[in-house]
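Listed below are the residues making up each chain.
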Amino acid sequence: MNCRNAHVTRPAIHFVGCVALLLLYWPSLCPAARPDRKPNFIVIFCDDLGYGDLGCFGHPTIRTPNLDRMAAEGQKWTNFYVGASVCTPSRAALLTGRLPNRSGMMSAERRVLFPNSKGGLPASETTIAELLKTVGYATAAVGKWHLGHLPQFLPTAHGFDTYWGIPYSNDMDGQKGFPNYQKTGRKDAHYVAPIAQYDVPILHDTEVIERPANQHTLTQRYTDKAIAFIKENRDRPFFVYLAHNLPHIPLYAGERHVGKSRRGIFGDVIEEIDAGVGQILDTLRDLDLAEDTLVVFTSDNGPWLPFHTHGGSGGLLRHGKGTTFEGGMREPTIFWWPGQVKPGVQMEMGATMDLLPTFCALSGAVAPTDRILDGYNLAPLLQGKTRTSPRDRVFYWREEKLYAVRVGPWKAHFITEGCYGDGPDRQEHDTPELYHLEHDPSEKYNIAAHHPEVIEKLRQIAETHRQSIKPVEIQLIK
Ligand code: MG
């Protein structure tokens, strides 16, 4: 080969080499879900986490590097709601895609289920897990259930192949001889209780395997259980519902996290949950499942404010758990699915009730058509195929009353009421209070007097909606 030919040939070889390398690495350069498999779903659901309690949602002293990364790689939702402002009805809403007063899981008599409750999520309801089972998914519930502790109501009766966790809140089954700050109302209490104070069991499927639960180690054990299930089912589609029972008080953190956060024990708890999220996402990456898995992170209701520094923060949102103000029902939410969920901040509206129709659309499962669903398919919005959410409204129920409605940026309060001894007192409004949530997310400036036409429209929407709620057997009874 003479010098002239070599001069011509080397770039050609270089070009061919580059094309070959590009073809070799193309799948990893442009990640995409494998068309031959259905996506996996993981829902990580906290308890009483406030809108302002994550680093990526503005908390100045709680470190959440894994959730921050998840939000940067995925979609951070700033207008994402739950179906109720306390544990039991909120969980029913997520798993059924329906407002909890359609299933009897919301009541004025008792706001949540207790260890002496006889009721639970009725068998006539259809859960996300049951729907995904119809299209071949492996399903696991890990963590706090709180939809009925009797065998006929447990996760294994509602479409989950397996369950590991506590059946109700971590402050139930209280034992005598310990100060109960909830009852005495000591708001400055350092609410970190001895393990023996709450005789809460851990169930594996339907059997009690530990009692009282060692609550210091629960967060890590939940994470480990979720990861083990993911590994076991790596070759088939799976759904993991991971419902942490924290940061609901009393607060417990594992050894590695105690005393580490600048925010104190509450921060330790959040930082341990964040570390668990990191372990789960790392597992998905290691197993080459990241591009096949939609992960959703959110919480069941807002912060439990009477516990002061041991409760969380709604950030700039008003009030917290138990109320129909934004702090009670708008949650810090992240959707993550590399190559599928378009990264960014999502300011459109969504709700936990939308997960059921969204998962159905993505998996090919058929959502029930014989009942009213309150959810919408968010998949096109998540994937950047549209910029507008199918959800333009939120209904804020508290027990048997519709307290407020949001349509677009407008929110009308027909009834306002604080909770847990923290005002305002209950007040029914002849003229609803009206807030523009995009201009005034803190619900500070009532502008009802300037917008009678908006109030009229919201009144009509609320009335039509009320008509759609039919009486059912109430499950939240003794
Ligand atoms: Mg809760």
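What counts, and at which threshold
Residues numbered from 1 in each chain as written. Predicted model: local features only at pLDDT ≥ 70, side-chain atom pairs only at ≥ 80, totals over all residues. Heavy atoms only, no water. 1 Å grid on protein atoms, 1.4 Å probe; cavity = no way out; pocket = protein on both sides within 12 Å on 5 of 7 lines; lining within 4 Å. Points joined across faces, edges and corners; volume = space filled by probe spheres on them. Nonpolar A, V, L, I, M, F, W, Y, C, P; charged D, E, K, R; others polar. Domains from an automatic or database assignment. Donors = N, O, S within 2.8 Å, 3.2 Å for Na, K, Ca; no water. Buried < 20%, exposed > 50% of the residue type's maximum accessible area, 1.4 Å probe, protein only. Helix = DSSP H or I, 4+ residues; strand = E, 2+ residues; numbered from the N terminus. Contact = heavy atoms within 4.5 Å. Pairing = 2+ DSSP bridges. Axes fitted to C-alpha atoms, helices over the stretch in contact; angles between N-to-C directions. Phe/Tyr/Trp six-rings, centres within 6.5 Å; stacked < 30°, edge-to-face > 60°. Lys NZ or Arg CZ within 6 Å of the ring centre and 35° of its normal.

Novice: Just give me the short version of empty space enclosed by the protein, but keep the residues and values in it.
Specialist: The method is simple in principle: a probe with the dimensions of a water molecule rolls over the atoms, and the space it marks as empty is what remains. Considering all chains together, one arrives at 1 cavity of 30 Å³ or more under this definition. Estimates place the volume of the largest cavity at around 50 Å³. In terms of lining, the largest cavity is formed by Ala-84, Ser-85, Val-86, Pro-89, Met-106, Ser-107, Arg-111, Trp-397, Arg-398 and Glu-399. For the lining of the largest cavity, the residue count by class is 5 nonpolar, 2 polar and 3 charged. Each of domain 1 (40-391) and domain 2 (394-467) contributes no fewer than three residues to the lining of the largest cavity.

Novice: I'd love a proper account of the coordination of the magnesium ion, names of residues and values included.
Specialist: Distances from the magnesium ion to its protein donors, Asp-47 (OD), Asp-48 (OD), Cys-87 (SG), Asp-300 (OD) and Asn-301 (OD1), fall within 2.1 to 2.6 Å. The exposure class of Asp-300 is buried, given its relative accessible area of 0%.

Novice: Please give an account of the environment of Arg-459 that cites residues and values.
Specialist: Residue placement: Arg-459 occurs in helix H11 (residues 452-467). Sequence separation between Arg-459 and Gly-104 is 355 residues; the distance between their C-alpha atoms is 25 Å. With near-sequence residues (within four places) excluded, Arg-459 lies in contact with Phe-414, Asp-430, Thr-431 and Pro-432.

Novice: Which residues make up the sheet that holds strand E15 (residues 410-416), and what are the values?
Specialist: Strand order in the open sheet made by the 4 strands is E13-E14-E15-E16, with antiparallel pairing throughout. Every other strand in the sheet has two partners, leaving strand E13 (393-398) and strand E16 (427-436) as the edge strands with one partner each. Taking each pair of neighbouring strands and ignoring which way they run, the sheet shows an average axis angle of 15 degrees. Note: E15 against E16, 6 bridges, orientation antiparallel. Bridging from a neighbouring strand, His-413 pairs with Glu-433 of E16. Docked against the sheet, H11 engages E13, strand E14 (401-407), E15 and E16, running at close to 125 degrees with respect to E14.

Novice: Just give me the short version of the pairing of E13, but keep the residues and values in it.
Specialist: Extensive coverage of E13 is indicated by the burial of 5 of its 6 residues. Two elements, E13 and E14, share 6 bridges in a ladder whose sense is antiparallel. Within E14, the position partnered with Val-394 by the bridge is Arg-406. Taking the residues that link successive antiparallel strands as the turn, the E13-E14 hairpin has 2 residues, and the phi of Glu-399 there is positive, at about 55 degrees.

Novice: Before we move on, can you summarise the packing of aromatic side chains with the specific residues and values?
Specialist: The relation between two aromatic rings is expressed through the spacing of the ring centres and the mutual angle of the planes. Counted under the stated rule, the structure contains 16 aromatic pairs. A centroid spacing of 5.7 Å and a plane angle of 70 degrees characterise the contact between Phe-80 and Phe-335, whose relative ring orientation is edge-to-face. Placement of the pair is Phe-80 in strand E3 (residues 80-81) and Phe-335 in strand E10 (residues 333-336), with a sequence separation of 255 residues. Each of the two residues, Phe-80 as well as Phe-335, counts as buried. Centre to centre, the rings of Tyr-81 and Tyr-396 are 5.8 Å apart; their planes meet at 85 degrees, and the pair counts as edge-to-face. Here the residue Tyr-81 occupies a position in strand E3, and Tyr-396 occupies one in strand E13, the gap between them amounting to 315 residues. For the residue pair Tyr-81 and Tyr-396, the accessibility class agrees, reading buried in each case. Through pairs of rings, three or more aromatic residues link up here, namely Phe-41, Phe-45, Tyr-137, Trp-145, Phe-160, Tyr-163, Phe-239, Tyr-241 and Phe-359. Taking the ring centre of Phe-57 as reference, the NZ or CZ of Lys-76 above it sits at 5.0 Å. Above the plane of the ring of Trp-304 lies Lys-321, whose end atom (NZ or CZ) is 3.7 Å from the centre.

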